[in-house]
Structure formats: structure tokens, C-alpha cells
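Secondary and tertiary structure notes
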Amino acid sequence: MPMKGNSEVDDNLLKTDDQNNGSAIGCGLGRWRPRCLQVFAHPIVFMIILNIYCLVEGAIVSGLTSVVLSTLETRYEFSSVQVGMIASTFDITVLVTVIFISYFGGNSHKPRWLGAGVFIQGLGALLFASPQFIAGHYDIGKDANLSFEACQDASNFSSDCNEESSNVYFVFILGNILVGIGAAPLFTIGTSYIDDIIHPKHAPIWIGIFYTVAVVGPALGFGLGGAFLTVYVDPWRDTILEETDPGWVGAWWLGFVLCGGLSILMSFLFFMFPEKYANSELIQRERIKLASVQRNKKVKKEDLNMRFHIRELPSQIADILARMPFLFVTLTFSLQGLIISGLVAFSPKYIETQFGLTASVGSLLSGAVAIPSAGVGIMLGAFLVYCKKPTTKRLSLYFFVLNVIASFFLAAFFLRCPTQDIAGITVSYPNSTLFDDQFLNATCNRNCSCDSTVFEPVCSDGITYFSPCRAGCDKYFFNGDTDDPKFENCTCGSSATAEEGYCDDNCIMIVPYLMVIAGALVTNMATQIPNVVITLRCIADEQRSLALGVQSVFVRAIGTIPGPIIVGALFDASCVYWQEECGDRGNCWVYDSEKLSLRMFSVTVSVRVVSLVFAFCAWIFFDVTLCNRGRVASMENEEEMKEADKRPRADSVEIANAVFEY
């Protein structure tokens, strides 16, 4: 769409909108609104900046945070529940703030609220990265120049006890709280403002692009995070660790610094956008015309832009929740969020644990499968609405059927590699007796004084040992051809030699697992568009922002807040060997993959069964008169309401059409 730049338009931009309490409608800060900036006072320019905000928010929240969780466990000796709580802090914050931000922000200068949000988001991202600079260097043992703990090397690998982990944990929590506050206005105030400034004919296209960018953002986060994890956490220091070592820690913090700085710079642009534009009155008249057609009755301006007092908030929320289709769809969507949020947060770690891959590879695979699958799912849902043009009741049936289909893909949890045979943990020492479970001391290594708390697996005769010391190896050398270390004089196995790393199990189950997970994501994300359409068809125009806020509260309270914590607890419950340092339990080194798979399957199936009950109720108990009570309250009778439900609307079918065409 070309931008108008004639003098008449420029003069209008420098004036104020008398019908908007004197608010300036040109770009600038306060009274400073130079003519050279007015070329940017255009809704399309605003949409570009808003989509960048959406891209960065998705990269931080759904991409980078998920990618670095397992790395934070290793670096700061957190449990999976602890890092799950870090991930959930974002949703807890949004839960507490979104209703009030939706209410007050929806009734005031929306670009300024968005500017404040992206600024706070940037501060939160930078604070989240700050432990890298306040907790000191990442060192393993006192002498980082030593490569491996061989027999009788314990004195060189003694632990340096400190309290840095407990101190920085609250820094991560506070950083994610700020990110949550900053992200809260994006999908409530942002979506509402798009509808305010874009012509009703084109609004669905831009809303579709906006939600598509929301899917691309996590892809950016997964890609950046995975790439940065291949760089050592302290890039200015040399290290003897390799990426395949369990103790390897990548540069988890780089992505947060990059996105945080970009967010802060972007915030100043939002503050310069006006509340209204020169064509705002024209757009409002078009919205009134469209609403009159939809309601089959003349609509006044004050009916379209009704605002209620804060004292009316409880009654407005009660009115929204009284619409059964909205309530049941929201409950279904919330339980779906519980499963998806937990799996997304721990997907890279799950792939690491179950298939023996590195953190960076797990992150890249997670992003490579999740993002395209989510995009295909959204397009599938849009295609369904666009082609079938269903009534809301029939759409609720589609919503139920899609959830049933998605349930069959939970079989993915049975696709895994077998648990590694690790001497003293999952299998017995082959030619020796274990007499100290905590330190894996056996008769074959009793004279080695093994004291390392770092997992350095070595393989000998098909059995993995926790470290060269626990295998009884007292010498090592580097192979000149491959530069891989070899260990000699190993007393715990039938062979006197060992090689670095896990024993190769030749497992290729990662391929079918990713294929089934892709199917699960496609069918789950296909319910997104039906959910939005049912919500908008059952809510009055003046309650749209509030209803989306209420739905966001449910999704977070029931789904995305407990999801990562529950999945983290499943990981911890499946741990068979914990790091012990300075008398405290740190992160888990070894998991029982079979127990983890069964527990993940049991919990997700239980949640899915309950969600299917709610989806079934949304269809069975659908009442078009109740659903339309708020949206078309001016209609004369039930037959008129039912007829209105069959007519296509710009806020539903056209949105789906726009997403599909994009």
C-alpha cells in the first residue's frame, strides 16, 4: 500500500484530533513532531514495528528460554523443577498483569503501552543474561587445564564450593518477571489496535500476518539459541571441553543480550506513534457499517466503542464466562496449553536425554520440527474455516474432532532409545562389586580415590563408565589420527582400554519420533483458528480485548504455568544419578529413559482425556442464542440470531481466509 505524502496529509498529521481529546495524530514526542517524521505516521509502518516486537518476544519467550534450560541446569546445578519454574515465571507474571493491562491499555494511548511493554521486555532479557557476568567463570575443578580425571587424580578435581547458584536463581526469576510484564500488552492491546487503525477490509490480512510472525519468532529463538550453544560459555577463554562432553556449557546468554538490546531500541519508536491517524474517522465509519450489516440493525458510534468503568469489571467477566461455548473451548485450550508448554520448554532436553544428542542439536531439531509443523497446523485450521464456512456450532464439532485426532499422536513417547548401560548406575560393574552407591566406588577402582563431580563418560567393552577414574584407567593419550583421547590400564572392564564418550547404541528412533511429533503439532495447532473464531463470535465488540485477556488468564493458570513445572518434575522423578557437590544435590547426570517415557505418556494422556470432555461439551451444549447474547444483543428474536450465526463475518472467516492466503 503506497504511503500518501502530499502537503494536505502532512498538515493534518501535525494537527490534533479534536474528537480524541486533543491527542496529536502525527509522529513525535510531545510537541516535538517535525515534518520529516510524518512520512512514518502510517499504519503500515506501525505494523512493521509491531511485527518486529512480536518476533523478538517469540524469540525470547518460546525460543531462547526453552533452548537454554538444560544448559542452565548444567551451569548452575539446577534441578529440572527449578528451571521449569523459571520458564513458568513468565506466564505467572502475564496471568497477574494481563487483565489490568488489557483494561487500562485498551482504553488509553495504545502505542505508548506497547512502547513501555517492549522496553520492560528488553530490561528483563538483559537481566536474565546478567548471571553470566556476576557469577564468575565456568570452571570444572581447581585446575581447568587438566582434561580428565584419571585414577588417583582426585586432588586436581576437588570442588570449589560457593553459593553462586542460589544467588543467581532469583536473578533469572526477576528477569523473566520483567519479560512477562513487557510481553503482556502484545497480543491484547496490539491485536485490538490493529483493528482500530487498519481498514476492516484489510485488517484480517494484517492480523493473519501478525499471528504468523508469532510462529516465526520461536523459530528465530531456537535457531539463535542452538547456534550460540556451539560457542563456549566464556568465549574469551580457552577450554579443553568439547561440545559432546556432558559438562559442556554453551554461550546461552548471547541471544538474550541481542534481543534485549533490540527491544530497548525499538521501544522509543513506539512512543513516537500517535494514538490515531488522519484516516481514523474513516476507518471507524467503515467498522460501524460492517457492524450494522452483521447485526442487521443500525449501530451508533458509541455502541461500537463502549467502555465500562473498572467497577463493572467483575460483571463483565461474569458475562463473558456465562457463554458456555467460550468457557468450554477456553478450558480445552488451557489443558492443551499444559501439554504443549511443558513439551516445548523441555523438548531440547527430552531429545538430548532420550536420543543421546547434544544441547545445540536438540535445540535445532526441536525448532526445525516445531515451527513448520505449527505453521502448517494454523494454515490447516484456516483452510478448514475458509472452505467449509461453518456455523459456530459446527465449528465447535471440528474443534472436538481435531483434538481427538491429536490424541493418537501421544504414542510418540514410546519411540525412544534404550537407557544407556552405565556401570554402577543402570548395570552392575562387570567384574567387580559396588560398595558405595553415591560415589560409584567398586573394588576395581577402590585405590583410585575418585572424587570428581563432573560426568565424563568413557566406553569399554560396550559398557559406559561415569569417568575414566571410575573405570580404573590411570593413563590416557591422544590418537594422532582423530585427536580423540584413549585410556589405558583400565581395571574395571575385561578390556584394559576405553574411549571417550558413551558407547554407541546405533539408535535411529529420533527420525520416527520427530515425524510423529510433527503430526501432533499440526493437529494441535489446527485448533488455533477455530478457537479464535468461536471466541470472537460469542463476544460483544466492546468486550473483545477483555475476553482475550480472560482467556489468556485461563490458559496460563491451568496450562502454561504448571506445564513446565510438571514436566520438570517428571524429569527429576526419572533421574537415577544426581550430581553431588559440597553436600548439596545439583543437576541430574543420568536419566532412566524408559521411566521418563512412561511418565510423560501417562500424564499427557490423562490431561488429554479431560480436555476432550470439555471439547465435547463445547459442541453438545452449544446454544447459539446464549453465544450471541452479548454480540448481537440488539436482535429481535432467536431466529434472527441463528441466521446471523450463519453469515460470514470479517472477524472470523476473513481472518482465517487472510492467514490461509498469506
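Source: prediction; values computed, not measured.

Along strand 8 (residues 485-488), the buried face is formed by Pro485 and Phe487; none of Lys486 and Glu488, which line the opposite face, is buried. Inspection of the sheet shows strand 7 (residues 475-478) paired to strand 8 by four bridges, in the antiparallel sense. Across the sheet, the residue bridging to Phe478 is Pro485, located in strand 8. As judged from the two bridges shared by strand 8 and strand 9 (residues 498-500), these two strands associate in the antiparallel manner. Bridge pairing in strand 9 places Lys486 opposite Glu499.

Our next topic: unusual backbone geometry. At Glu77, a position not held by glycine, the phi torsion is positive, near 60°. The backbone of Asp461 sits at a positive phi, close to 55°, despite the residue not being glycine. Inspection of the secondary structure puts Asp461 in the loop between strand 5 (458-460) and strand 6 (463-465). Classification of Asp461 by relative accessible area gives partly exposed; the value is 46%.

So, on to the side chain of Ser263. Along the chain, Ser263 turns up in helix 9 (residues 254-271). Separated by 2.9 Å, the side chain of Ser263 and the backbone oxygen of Cys259 make a polar contact. Contact partners of Ser263, with chain neighbours within four places excluded, come to Val56, Val118, Phe119, Gln121 and Gly122.

Before going further, it helps to spend a moment on the packing of helix 14 (residues 359-388) against helix 16 (residues 510-525). In contact at an axis separation of 7 Å, helix 14 and helix 16 are set at 35° when each is read in the N-to-C sense. The interaxial crossing formed by helix 14 with helix 16 has right-handed handedness. Contacts from Leu365, Val369, Ala370, Ser373, Ala374, Val376, Gly377, Ile378 and Leu380 in helix 14 reach Ile510, Leu514, Ile517, Ala518, Leu521, Val522 and Met525 in helix 16. A breakdown of the residues in the contact of helix 14 with helix 16 according to their chemical character gives 14 nonpolar, two polar and no charged.

Further remarks concern a nonpolar patch on the surface. A cluster of nonpolar side chains, Leu126, Phe133, Ile134, Trp236 and Val257, forms an exposed patch at the surface whose accessible area comes to about 490 Å². Looking at the secondary structure, you find Phe133 in helix 5 (residues 131-134).

Attention now goes to the state of the cysteines. Across all of its chains, the model carries five disulfides by this definition. Here Cys417 connects covalently by a disulfide to Cys507, the sulfurs 1.9 Å from one another. An S-S torsion of about -90° defines the bridge between Cys417 and Cys507 as left-handed. With Cys417 in the loop between helix 15 (392-408) and strand 3 (434-436) and Cys507 in the loop between strand 9 and helix 16, this pair connects stretches of sequence that are 90 residues apart. On the basis of relative accessibility, which here comes to 3%, the residue Cys417 falls in the buried class. For Cys507, a relative accessible area of 23% gives the class partly exposed. In this model Cys473 forms its disulfide with Cys490; the gap between the sulfur atoms is 1.9 Å. Here Cys473 and Cys490 share a disulfide; its torsion about the S-S bond, 105°, makes the bridge right-handed.

How each quantity is defined
- Throughout this description, residue numbers start from 1 for each chain and increase along the sequence as written.
- For this predicted model, a pLDDT threshold of at least 70 governs which residues receive local features, and a threshold of 80 or more governs which side-chain atom pairs are given and counted, while totals over whole chains, interfaces and linings are taken from all residues.
- Side-chain measures were taken over the full set of non-hydrogen atoms in the model, leaving aside hydrogen atoms and water.
- Buried means the residue's accessible area, taken with a 1.4 Å probe over protein chains only, is under 20% of the maximum for its type, while exposed means over 50%, and partly exposed covers the values in between.
- For the purposes of this entry, the term helix denotes a DSSP run of H or I that reaches at least four residues, the term strand denotes a run of E that reaches at least two, and both are numbered from the N terminus.
- Two strands pair under a simple rule: DSSP has to find at least two bridges between them.
- Two N or O atoms count as a polar contact when they lie within 3.5 Å, although within protein this holds only if one can serve as hydrogen donor and the other as acceptor, and sequence-adjacent residues are included solely when both atoms are side-chain atoms.
- Here, residues are in contact when the closest pair of their heavy atoms is within 4.5 Å.
- In this analysis, axes come from line fits to C-alpha atoms, helices being fitted only over the stretch in contact, and the angle between any two N-to-C directions falls in the range 0 to 180 degrees.
- Here a crossing is taken to be left-handed if its near helix is turned anticlockwise relative to the far helix by less than a right angle, and right-handed if that turn runs clockwise.
- Asp, Glu, Lys and Arg are counted as charged, while Ala, Val, Leu, Ile, Met, Phe, Trp, Tyr, Cys and Pro are counted as nonpolar; the rest, among them Gly, fall into the polar class.
- Residues enter patches when they are more than 30% accessible in relative terms and free of salt bridges; like-charged ones are connected within 9 Å and nonpolar ones (Val, Leu, Ile, Met, Phe, Trp, Tyr) within 5 Å.
- All accessibility values rest on the Shrake-Rupley procedure with a 1.4 Å probe; residue burial counts only the protein chains present in the view.
- By definition, a salt bridge exists where a carboxyl oxygen of Asp or Glu is found within 4 Å of a side-chain nitrogen of Lys or Arg.
- Only a pair of cysteine sulfur atoms within 2.5 Å counts as a disulfide in this structure description.

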